[in-house]
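# Fold and contact review
Chain residues, written in single-letter form:
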Amino acid sequence: MDIPDDIFTEPDPIDADTLANLGPLRRLAGIWEGQRGVDVNPKADGPEQKSYYERIEMQPIDPQTNGPQLFYGLRYHVHINTPDEQITFHDQVGYWLWEPATGLIIQTLAIPRGQVAIASGQAEAGATKLVLTAERGKTDYGICSTTFLELAFRTDSYRIEVDFHDDGSWSYVSDTILMVKGRDEPFTHRDRNTLAKIGEPDMNPWERIVRDAKK
């Protein structure tokens, strides 16, 4: 990545309309449900496969800058349950970000078991597939975990592949490579599902202010 000499001056002007500037992420904006999730995770007796259903809400945020760097993005919340349990199976929050100037895509994620990550990839504005990765030990686009997870279920890498479909739905496959204590070989923890839209996104706050001022 080339770093400009001026790292402080922000772009001017900035379009307030996030939904119009999300590039490939525009197809993720909204509220989604998926009923056909499959999770493969490690257990003491070997891999366990579980079916799950999930709800994902992705709402536009105001444009974000790091000096000259400009991101448009979505704030998301994933909530997952299984057919045989009422308690939460998985919960996750974070951001999907798009840098129009470079085609950089970022997914940040945090889960309430003491783990965070930043994954990155590249894509054109009209891309129908996104691939993002993160690796343990990197200080950019890396993975950070609690001491217990580092010692018992160490996450070495994360990869998510998103495919957009002609009917407006999208699907994902995420692979988390784990080193489980006492095991010699890495374990691929895989999740996959297909999501259908059940609700449209809101306007981002700044764009709402702009539109209200024009009335």
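Fair warning: this is a prediction, and the values are worked out from it, not measured in the lab. (Residues numbered from 1 in each chain as written. Predicted model: local features only at pLDDT ≥ 70, side-chain atom pairs only at ≥ 80, totals over all residues. Heavy atoms only, no water.)

## Describing the overall build of the protein
When helices and strands are counted, the protein shows two helices and 12 strands. Written out in order from the N terminus, the α and β elements of the protein read β-β-β-β-β-β-β-β-β-α-β-β-β-α. By the compact-globule yardstick of 17 Å for 215 residues, the protein fits well, its C-alpha radius of gyration being 19 Å. Referenced to the eigenvectors of the C-alpha coordinate spread, the extents of the protein come out at roughly 60 × 40 × 30 Å. Counting all 215 residues of the protein, 44% fall into the buried class. (Helix = DSSP H or I, 4+ residues; strand = E, 2+ residues; numbered from the N terminus. Rg over C-alpha atoms; globule rule 2.2 N^0.38 Å. Buried < 20%, exposed > 50% of the residue type's maximum accessible area, 1.4 Å probe, protein only.)

## A few points about the nonpolar core
In this structure, Leu25, Leu28, Trp96, Leu130, Val162 and Trp170 are the most contacted members of the largest nonpolar core, which totals 34 residues. Among the elements of the structure, strand S2 (46–60), strand S4 (69–82), strand S5 (85–99), strand S6 (104–111), strand S7 (115–122), strand S8 (129–136), strand S10 (153–164) and strand S11 (170–180) are those that each provide at least two residues to this core. Apart from residues lying up to four places away in sequence, leucine 28 is in contact with Met58, Leu74, Trp96, Val162, Phe164 and Trp170. Formed by five residues, the second largest nonpolar core is a distinct cluster that contains Ile61, Phe71, Leu97 and Ile106. (Core = buried A, V, L, I, M, F, W, Y, C linked by side-chain atoms within 4.5 Å. Contact = heavy atoms within 4.5 Å.)

## Description of the pattern of salt bridges
Applying the stated criterion across every chain, the model contains 10 salt bridges. Between arginine 136 and glutamate 150 there is a salt bridge whose closest N-O contact spans 2.9 Å. Of this pair, arginine 136 sits in strand S8 while glutamate 150 is found in helix H1 (residues 147–152), placing the two residues 14 residues apart along the sequence. Assessed through its relative accessible area of 36%, arginine 136 is described here as partly exposed. Look at glutamate 150 and you get partly exposed, because its relative accessible area is 27%. (Salt bridge = Lys/Arg side-chain N within 4 Å of Asp/Glu carboxyl O.)

## Points about the packing of aromatic side chains
With the rule as written, the count across this model stands at four aromatic pairs. Residues tryptophan 32 and tryptophan 170 carry aromatic rings whose centres are separated by 5.9 Å and whose planes lie at 80 degrees to one another, so their mutual orientation is edge-to-face. Within this pair, whereas tryptophan 32 is found in strand S1 (residues 30–43), its partner tryptophan 170 is found in strand S11, the two being separated by 138 residues in sequence. Side by side, tryptophan 32 and tryptophan 170 carry an identical accessibility label, which is buried. Taking 6.2 Å as the distance between ring centres and 45 degrees as the angle between the ring planes, the aromatic pair formed by tryptophan 170 and tyrosine 172 counts as tilted. There is no split in this pair, since tryptophan 170 and tyrosine 172 are both buried. By way of ring pairs, the aromatic residues Trp32, Trp170 and Tyr172 are connected into one cluster. (Phe/Tyr/Trp six-rings, centres within 6.5 Å; stacked < 30°, edge-to-face > 60°.)

Limitation: the analysis is restricted to geometry and does not speak to function.
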